Structure formats: structure tokens, C-alpha cells
Amino acid sequence: MQQDRIKPQTWTIEGFFSASHLVAADVQRDYQWTKSEVATLVGDLFTHLKSHPERPGGPPREPYFLGAIVCTKRENVYAVYDGLQRSTTLTVLLAMLRDRVTEPALADRLNTCVTADETRPRLVLPPPDETLANDIQPRGATLNGIKGGFFGRRLAIRDNRNQIERMLKTRDPEEVNALARMLLEDVCIVVMQIEGETFARKVFETTNMRGLPVEAHDLIKGRFVQFANSDAPAEE
């Protein structure tokens, strides 16, 4: 069955990003998220943090679900067919928090989600634009502004980096630390791993082009709903 070729799994942000390498599938458009979209995401995360505070000895915080990533996998490298915009924004947010939290151990955990080591970032975007690799992912890089060449991907990353910085500056250090812990531990994504690049390409086309048959989209949606109702635990 075609549906058996779709394997959904829920991950925490830390569980997925700290153990994976992501690349853009060749069908993916370039990074285009706007300041408004980033402001909405970060605002929603702060709202969830405030409305679901941690209580010592109490029940775990209710998870915040951030949608799905559709990908194929070879070894531990995921080719992202849908969800690259979200993955890129999360990488920028993780790096911004890493360079601003006041707890060294927490900064190390965040850094592990951004880079595997000094030479290998977790998310690699296609060339020639290296803004993410040069101005965001290296440790300490987000403390400097992004200068020059303001168009395309570089413009989007610069604007969204600046938007996140403005929002973090309005919060006290403990709240920033708490947001970082929640992002790592309580924000979840569903990774929809698809067997075969041809089928993954079909899923991308049917979920991103209006007016076409949506059989593959229906399969993804059906598997997502089935999995969401299964109470499957998130991977740490």
C-alpha cells in the first residue's frame, strides 16, 4: 500500500535537530518567511510559555505542536520536501537563543541543534547564498548584525534575525532561558518520512500546486491524522 510508504514520528525539537542533518530537496523554494510570520511564531511560543508554566512536582507542560516536516531519509540525512521554511526559521531562533541565554549548559544544548561541530551545520541550504552558514549558525555569530547584499534569502534571514532580536530584548533573561528550555523540550514536530524520492516529489507537487489531483496529499493527511490520534510519545 502507498500509505505504508509514509512513516510519521513525533519528535521534540531537541530530539530531532540534535541527531539529524537536513538538506533542501531540489524542489524546495528558497527561504521566504516574513517578519510577520516570525513574529507570530515567537509570540505564540511566549504565549504558550506563559499559559503553561512549569510547576515543580507537577505534570509535564502540554506540548506545543509545530506542524509536520515531509522528507526522505538516507542514513541520518533528511532531504526536506515540505517544511524547509519552518526548519530554517527554527534554526535562526535556536541560534539566537543559544547566543543569548545565560546558562552555559543550556547554550550548549541549543548549539548542538544548530551545528554538529564547528565545520558541519545541522541544516544546509543550497548555494550560492551562505548567510545561514556564515552569519547565523557559528557560535556567537548572531550577536553581530548581517551586513551587505540585502536581497533574496539574505534579506529574509536578516529581517527575521532582527525581528527575533527585537522580541527577545523585551524579555528578562530568565524568561529567555525558559523559552529556550521549552523550545527544546516541549515543542514538537511530526516528521513524515517518505520512502522513495519519486513519491516524495509527488507529495510536494500535490501539496504545493493548486488544481492538481491530491491523492498523495490525502495519504499524507490521513497518516498525519491517524498518527496524531495514536497518542504516540515524542522522541527525546
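Note that this is a predicted model, so its numbers are computed, not measured.

Asker: Looking at this structure, I do not really get the pattern of salt bridges. What am I missing?
Answerer: Side chains bearing opposite charge may pair, as long as their charged atoms lie close to each other. Applying the stated rule across the entire model yields 12 salt bridges. Residues Asp186 and Arg61 are paired through a salt bridge, measuring 2.7 Å at the closest nitrogen-oxygen approach. Within this pair, whereas Asp186 is found in the loop between helix H7 (173–185) and strand E8 (187–194), its partner Arg61 is found in the loop between helix H2 (35–51) and strand E3 (64–74), the two being separated by 125 residues in sequence. Neither Asp186 nor Arg61 differs from the other in exposure class; each is buried. Where Asp108 meets Arg139, a salt bridge forms, and the shortest distance between an N and an O atom there is 2.7 Å. Taken together, the residues span a long stretch of sequence, with Asp108 in helix H4 (residues 104–114) and Arg139 in the loop between helix H5 (131–136) and helix H6 (152–169) at a distance of 31 residues. For Arg139, a relative accessible area of 48% corresponds to the partly exposed category.

Asker: Can you help me understand the pairing of strand E1 (residues 6–12) in this one?
Answerer: Each regular strand displays side chains that alternate between the two surfaces of the sheet. Most of E1 is tucked away: five of the seven residues are buried. When E1 meets E8, the two strands line up antiparallel, connected through seven bridges. Paired with Gln9 across the two strands is Val191, which belongs to E8.

Quick notes on the rules
Residues numbered from 1 in each chain as written. Predicted model: local features only at pLDDT ≥ 70, side-chain atom pairs only at ≥ 80, totals over all residues. Heavy atoms only, no water. Salt bridge = Lys/Arg side-chain N within 4 Å of Asp/Glu carboxyl O. Helix = DSSP H or I, 4+ residues; strand = E, 2+ residues; numbered from the N terminus. Buried < 20%, exposed > 50% of the residue type's maximum accessible area, 1.4 Å probe, protein only. Pairing = 2+ DSSP bridges.

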